[in-house]
Amino acid sequence: MSDPVLGATNSEIAYAKLNLALHVRKRLPNGYHDIETIFAFVDSGDLIAVQPGDDVTMAISGPFAEGLSNTDNLVLQAAKRLADISNVKLGARLHLDKRLPVASGIGGGSADAAATLRLLNRFWGLDLSIAELADVAGPLGADLPACVVSQTCRGTGIGHDLTRIPDDDLRGCTALLINPRVPVSTADIFAAWDGVDRGALASGPVIPAAQNGRNDLQKPAVALVPILTDVLQLLEDRQPIIARMSGSGATCFALFDSLAAAKNAEQHCLQAMDGIWTLIGKIR
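Note that this is a predicted model, so its numbers are computed, not measured.

**Student:** Any chance you could explain the overall build of the protein here in plain terms?
**Tutor:** On a plain count of helices and strands, the protein comes out with nine helices and ten strands. Its C-alpha radius of gyration of 18 Å places the protein within 12% of the 19 Å reference for a compact globule of 284 residues. With the principal axes as the frame, the protein shows a C-alpha extent of 50 × 45 × 35 Å. Classification of the 284 residues of the protein by burial places 54% in the buried group.

This is the structure in structure tokens:
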């Protein structure tokens, strides 16, 4: 499949997800974990595009496309689930431009699948609400409903229970994301969590709640990927609003009050560490 001609109606950004805080409260019998988290989203990420087709198919390109399957993929699962639920008989030729690192704690396949649902909802003329799309997404993954919404919200339960929260103090912030190009297994990181409930996530304004919170998966991730200690220290050196690992890693992020501060921090990190991937974006 050749690259499609992109436009407002036939493409959708899979926004990079950040966990500003992530409190793991307990393991559940079904293998999931009871969590409390603050989801936020950056205004850039992977790109999903669509053209008419007889069947639902996909092609993948981009800097992180290597090793990804175009037949066994969460994007296709999402597309086919939406078609089945909505009784859609139309096809779709999907194209994923994979710009974000794989297995990196910033949404990845979940963000891609969520963007696919938003795109095909429009492309197929289904007119489902975001809340209805989030319900469609639920069985596909713990953070998929949040990625469908792609707005600042609080997640509880396994991450499906979402509450929109005021984020005026966050909207003007710029995020710097850094990944050491080391993929990590979400299952391995959760398995390495020590099982200790360190308390609830504070309510109230987003930034103070995040600053007073933590990522309970950061310690086990650092134990498995020691270079994260250096990444986090480089970010802390620039005195950000907050610096933390996102999700189960290995992407770390820092929030700054200006684009200039984020760019200066990016240059500092690129000069200090070889081979890292970086992204700068505004909080949506």
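So, next bit.
**Student:** How should I be thinking about helix H3 (residues 130-137) in this particular structure?
**Tutor:** Given 3.6 residues to a turn, an α-helix orients residues that are three or four positions apart in the same direction. Turning to H3, its buried residues number three or more, namely Leu133, Ala134, Val136 and Ala137. The arc that holds every buried residue of H3, seen down its axis, measures 155 degrees, which confines them to one face. Exposed residues lying more than 90 degrees from the buried face of H3 are Ala131 and Asp135. Check the buried side of H3 and you find it contacts helix H1 (74-86), helix H2 (109-123) and helix H4 (144-149).

**Student:** In this structure, what is going on with the side chain of serine 248? I would like to understand it.
**Tutor:** Along the chain, the position of serine 248 falls in the loop between strand E8 (242-245) and strand E9 (252-256). On the basis of relative accessible area, serine 248 is assigned to the buried category, the value being 6%. A polar contact is formed between the side chain of serine 248 and the side chain of threonine 186, at a distance of 3.0 Å. With near-sequence residues (within four places) excluded, serine 248 lies in contact with Gly105, Val184, Thr186, Ile189, Leu217 and Ala221.

**Student:** Teacher, can you tell me more about the packing of H2 against H3 here?
**Tutor:** Running from amino to carboxyl end, H2 crosses H3 at an angle of 125 degrees, the nearest separation of the two axes being 10 Å. It follows that H2 is oblique to H3 by the angle criterion. H3 is crossed by H2, and the crossing has right-handed handedness. Contacts from Leu117, Arg118 and Asn121 of H2 reach H3 at Ile130, Leu133, Val136 and Ala137. Here the residues of the contact of H2 with H3 are counted per class, giving five nonpolar, one polar and one charged.

**Student:** Whenever I open this one, the pairing of strand E7 (residues 174-179) confuses me. Can you help?
**Tutor:** For a regular strand, side chains alternate in direction, first toward one face of the sheet and then toward the other. E7 sits mainly inside the fold: six of its six residues count as buried. Bridge count for E7 against E9 is five bridges, and the pairing is antiparallel. Paired with isoleucine 178 across the strands is cysteine 252, a residue of E9. Pairing analysis gives six bridges linking E7 to strand E10 (residues 277-282), with the strands arranged antiparallel. Bridge pairing in E10 links isoleucine 178 to threonine 278.

**Student:** Got a minute to help me understand the confidence of the model for the protein in this structure?
**Tutor:** Caution applies to low-pLDDT regions: their predicted coordinates should not be interpreted in detail. Per-chain confidence: the protein averages 95 in pLDDT, with 97% of residues scoring 70 or above. Note on residues 1-8: pLDDT is under 50 here. Beyond four places in sequence and across chains, it has 16 contacts.

**Student:** I keep staring at the nonpolar core and nothing clicks. Help me out?
**Tutor:** With 36 residues, the main nonpolar core has Ile48, Leu82, Leu94, Leu117, Leu120, Trp124 and Val148 as its most contacted residues. For this core, the secondary-structure elements that each account for two or more residues are strand E1 (11-27), strand E2 (33-51), strand E3 (56-61), H1, strand E4 (92-97), H2, H3 and H4. A per-element tally of this core places H2 first, with seven residues. If we skip the residues at most four places from it in the chain, tryptophan 124 touches Val56, Ala79, Leu82, Ala83, Val88, Leu90, Gly91 and Ala92. Judged by nonpolar contacts, the second largest core, of 28 residues, contains Leu176, Val231, Ala262 and Ile276.

Cut-offs used in this document
Residues numbered from 1 in each chain as written. Predicted model: local features only at pLDDT ≥ 70, side-chain atom pairs only at ≥ 80, totals over all residues. Heavy atoms only, no water. Helix = DSSP H or I, 4+ residues; strand = E, 2+ residues; numbered from the N terminus. Rg over C-alpha atoms; globule rule 2.2 N^0.38 Å. Buried < 20%, exposed > 50% of the residue type's maximum accessible area, 1.4 Å probe, protein only. Arc of directions from axis to C-beta. Contact = heavy atoms within 4.5 Å. Polar contact = N/O pair within 3.5 Å; in protein donor to acceptor, adjacent residues only side chain to side chain. Axes fitted to C-alpha atoms, helices over the stretch in contact; angles between N-to-C directions. Parallel < 35°, antiparallel > 145°, perpendicular 65-115°, else oblique. Left-handed = near helix turned anticlockwise from the far one by under 90°. Nonpolar A, V, L, I, M, F, W, Y, C, P; charged D, E, K, R; others polar. Pairing = 2+ DSSP bridges. pLDDT = per-residue confidence, 0-100. Core = buried A, V, L, I, M, F, W, Y, C linked by side-chain atoms within 4.5 Å.

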